[in-house]
Amino acid sequence: MCPQNIFCKMLNLVIFGPPGSGKGTQSTKIVDKYNLTHLSTGNLLREKMESETPLGKEVRQYIDKGLLVPDDIVLKEIQQIINGQDDMPGFVFDGFPRTINQAEAFDRMLDKNSTPICLVISVEVDEEELFNRLMGRSEDSGRSDDSDEIIRRRLEVYKKQTLPLISYYKSQGKIVAIKGMDPVDKVFGKICHAIDTFLHSRKVLPVVD
Ligand code: AP5
Ligand code: MG
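J.: Before we move on, can you summarise the pattern of salt bridges with the specific residues and values?
T.: With the rule as written, the count across this model stands at 14 salt bridges. Between Arg153 and Glu149 there is a salt bridge, with its nearest N and O atoms 4.0 Å apart. Placement of the pair is Arg153 and Glu149 together in helix α7 (residues 148-162), with a separation of four residues, close to one helical turn. Judged by its relative accessible area of 32%, Arg153 falls in the partly exposed class.

So this is what it looks like as structure tokens:
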């Protein structure tokens, strides 16, 4: 476990939240402002899925059902990407980690490079709003998992398998909660405030309202 006042040689951020909370939207803005690299496991797995390889076909079986892709597949992809990338400004990990097993394995990977997660930004949005946003997006997203039934399953899977990570990162003193019901730019402002405060203090913050 990393001490709260650890010096991060990279700015590694996790953007955490349920489907539709705005992880992708906010990640794009964060990487622009802080010169970081966006690593979305959702985007990565969707690219795999488009290929007709055995791996792509396997991934599709999970994504199309709204289920999580098995940890070993996801962790292998992450490991390949971050290997030897310890001299970069940092990453925004979007949609990863998503299970306690992924989080523990990820901590071990990052510890080896001495590039720990600095801050976990947890974006909180009411469930009804999440559902409405994703149903709205389904009109033109082209995503096979943006349909009524599958959105509901994704939300259930989040509650069961991903929500426990909040306690995991709380115990590391790394999590900051951001209310995500406001318009995009207002949410972004709160996220920037949290990141800037971290950068100034190198300490993790209380909940930002
Ligand atoms: P992933 O691609 O990560 O999808 P998700 O978590 O379900 O979330 P979304 O991408 O749908 O939403 P988002 O939070 O990024 O919000 P967005 O910015 O798009 O994962 C998909 C699948 O891949 C998983 O189900 C799983 O199968 C697999 N997978 C991925 N990672 C995995 C992992 N680590 N382990 C195992 N399996 C994994 O915004 C949503 C909508 O809301 C948009 O229309 C946007 O314009 C709008 N919006 C955003 N912010 C606001 C705002 N403030 N106000 C109003 N509207 C807003
Ligand atoms: Mg996304």
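J.: Pulling in residues and values, what's your account of the site of ligand 1?
T.: The environment of ligand 1 is made up of 31 residues, and the closest members are Thr25, Leu67, Arg98, Arg137 and Arg154. Lys23 has a polar side-chain atom sitting 2.8 Å from an oxygen atom of ligand 1. Note that an oxygen atom of ligand 1 is positioned 2.9 Å from one of the side-chain N or O atoms of Arg46. Listing elements by their share of the shell around ligand 1, those giving two or more residues are α1 (23-34), α2 (41-50) and α6 (127-137).

J.: Can you explain the sheet that holds strand β5 (residues 175-179)? Please cite residues and give values.
T.: Sheet strands pair via backbone hydrogen bonds, and the direction of the pair is either parallel or antiparallel. Taken in spatial order, the five strands make up an open sheet running β2-β3-β1-β4-β5, and their pairing is parallel. Strand pairing shows two members of the sheet lacking a second neighbour, β2 (37-40) and β5, which therefore form its edges. Adjacent strand axes in the sheet meet at a mean angle of 20°, parallel and antiparallel pairs treated alike. Alignment of strand β4 (residues 119-124) against β5, held across five bridges, turns out to be parallel. Counterpart to Glu124 in the pairing with β5 is Lys179.

J.: Break down the confidence of the model for the protein chain for me, with residues and values.
T.: Summarising the model, the protein chain shows a mean pLDDT of 92, and 93% of its residues fall at 70 or more. The low-confidence segment residues 1-5, where pLDDT is below 50, has 13 contacts with residues more than four positions distant or belonging to other chains.

J.: Which residues make up the side chain of Ser21, and what are the values?
T.: Following the sequence through the fold, Ser21 ends up in the loop between β1 (13-16) and α1. One polar contact links the side chain of Ser21 to the main-chain carbonyl oxygen of Pro18, over a distance of 2.7 Å. When near neighbours in sequence (up to four residues on either side) are disregarded, Ser21 contacts Val123, Val125, Leu130 and Arg133.

J.: So what about the state of the cysteines? Which residues, and what values?
T.: Scanning all chains against the criterion turns up zero disulfides. Of all cysteine sulfurs in the structure, the one in Cys118 sits closest to Cys192, which takes part in no disulfide; the separation is 16 Å. A residue is classified by how much of its surface remains accessible, and Cys192, at 6% relative accessible area, is buried.

Rules of the game
- Residues numbered from 1 in each chain as written.
- Chains lettered and ligands numbered in written order.
- Predicted model: local features only at pLDDT ≥ 70, side-chain atom pairs only at ≥ 80, totals over all residues.
- Heavy atoms only, no water.
- Salt bridge = Lys/Arg side-chain N within 4 Å of Asp/Glu carboxyl O.
- Helix = DSSP H or I, 4+ residues; strand = E, 2+ residues; numbered from the N terminus.
- Buried < 20%, exposed > 50% of the residue type's maximum accessible area, 1.4 Å probe, protein only.
- Near = heavy atom within 4 Å.
- Polar contact = N/O pair within 3.5 Å; in protein donor to acceptor, adjacent residues only side chain to side chain.
- Pairing = 2+ DSSP bridges.
- Axes fitted to C-alpha atoms, helices over the stretch in contact; angles between N-to-C directions.
- pLDDT = per-residue confidence, 0-100.
- Contact = heavy atoms within 4.5 Å.
- Disulfide = S-S within 2.5 Å.

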